[in-house]
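Topology and contacts: notes
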Amino acid sequence: MRGILGMGFDTKIIGNVYQTIRTAWGAEAAEQLGHSFLTHLFDLQASLPNNFDARLGRTETVGVSNIGTFIISEHAAGYEDVEEAHKLKRVQEDHWSVIVDEVRVSGFPVTFVNQSSVMGVPEGKLLAAFDTGFTNPSLPRYLVDSIYSSIEGAVFFQLFNVWIVPCGSVID
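Residues numbered from 1 in each chain as written. Predicted model: local features only at pLDDT ≥ 70, side-chain atom pairs only at ≥ 80, totals over all residues. Heavy atoms only, no water.

Focus: the overall build of the chain
Rule in force here: Helix and strand assignments follow DSSP, with helices taken as H or I runs no shorter than four residues and strands as E runs no shorter than two, numbered in order from the N terminus. For every residue, the accessible area obtained with a 1.4 Å probe (protein chains only) is divided by the maximum for its type, and the residue is called buried under 20%, exposed over 50%, and partly exposed between those limits. Every residue pair with non-hydrogen atoms within 4.5 Å of one another is taken to be in contact. Only the protein chains shown count as covering a residue, and every accessible area follows the Shrake-Rupley method with a 1.4 Å probe.
Check the secondary structure of the chain and you find 4 helices and 10 strands. Expressed as a percentage of its 172 residues, the buried residues of the chain come to 20%. When contacts within the chain are restricted to residue pairs at least 6 apart in sequence, those whose partners lie at least 24 apart make up 44%. If you sum the accessible surface of the chain, you get close to 12,800 Å²; carbon and sulfur atoms cover 56% of it.

Here it is, written out as structure tokens:
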């Protein structure tokens, strides 16, 4: 594989990598090494669909075990209908992100308290960034509190600024 970075887009970061390689080794090297992995992969097989599926697995957590999936240019079994789903517009060119109209916790809507700091997000909406490699999502404090305070037995531990949640907890 010729790509030098992960599953990202050819964005400003990749653009900087591309330009650095071009300056150091020339245009041909930059074309071979300076684009994202996905750009190279889809360029190699232009006739294949330009999509991939990622489903995270879980091992022996709360008695449930399933295997993760990573498929390029196809869809996982049972998810083929995603091709017919409404396509959501990406808000930021360098992230998988979409506008969130509403968040519900245990069936009840959570009111969005303040305006998003991200350009292009309409008033009264939030931005959701899809990321398969980050453990602690960046959520507004009021939303975190809305989620975790609704879990029976959950306690906020102020010293470390974290919620402690009973292992067997389930939330909608």
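Observations concerning the environment of Gln32
By the element assignment, Gln32 lies in helix H2 (residues 27–33). A relative accessible area of 36% means that Gln32 is categorised as partly exposed.

Some points on the environment of Val121
Tracing the sequence through the fold places Val121 in the loop between strand S7 (108–110) and strand S8 (126–130). Placed 21 residues apart in sequence, Val121 and Val100 show a C-alpha to C-alpha distance of 9.2 Å. When neighbours within four sequence positions are excluded, Val121 is seen to be in contact with Val91, Ile99, Gln115, Ser116, Leu126 and Leu127.

Observations regarding a negative patch on the surface
Our working definition: Any residue with relative accessible area above 30% and no salt bridge may belong to a patch, with like charges joined within 9 Å and the nonpolar Val, Leu, Ile, Met, Phe, Trp and Tyr side chains within 5 Å. In what follows, salt bridge is the name for a side-chain nitrogen of Lys or Arg lying within 4 Å of a carboxyl oxygen of Asp or Glu. A residue counts as positive if it is Lys or Arg and as negative if it is Asp or Glu; His and the chain ends are not included. Charge positions come from single atoms, namely NZ of Lys, CZ of Arg, CG of Asp or CD of Glu.
Judged by side-chain charge, Glu80, Asp81, Glu83 and Glu84 come together as a negatively charged surface patch. Residue classification places Asp81 among the exposed residues on the basis of a relative accessible area of 64%.

Considering the nonpolar core
The condition is simple: Take the buried residues of types Ala, Val, Leu, Ile, Met, Phe, Trp, Tyr and Cys, join any two whose side-chain atoms come within 4.5 Å, and each joined set is a nonpolar core.
Counting residues in hydrophobic clusters, the biggest one holds 8 residues: Val100, Val103, Val105, Val110, Phe112, Leu126, Tyr142 and Leu143. Within the residue set of this core, elements represented by two or more residues are strand S6 (103–105) and helix H4 (141–149). Setting aside anything within four residues of it in sequence, one finds Tyr142 in contact with Val110, Thr111, Phe112, Val113, Asn114 and Leu126.

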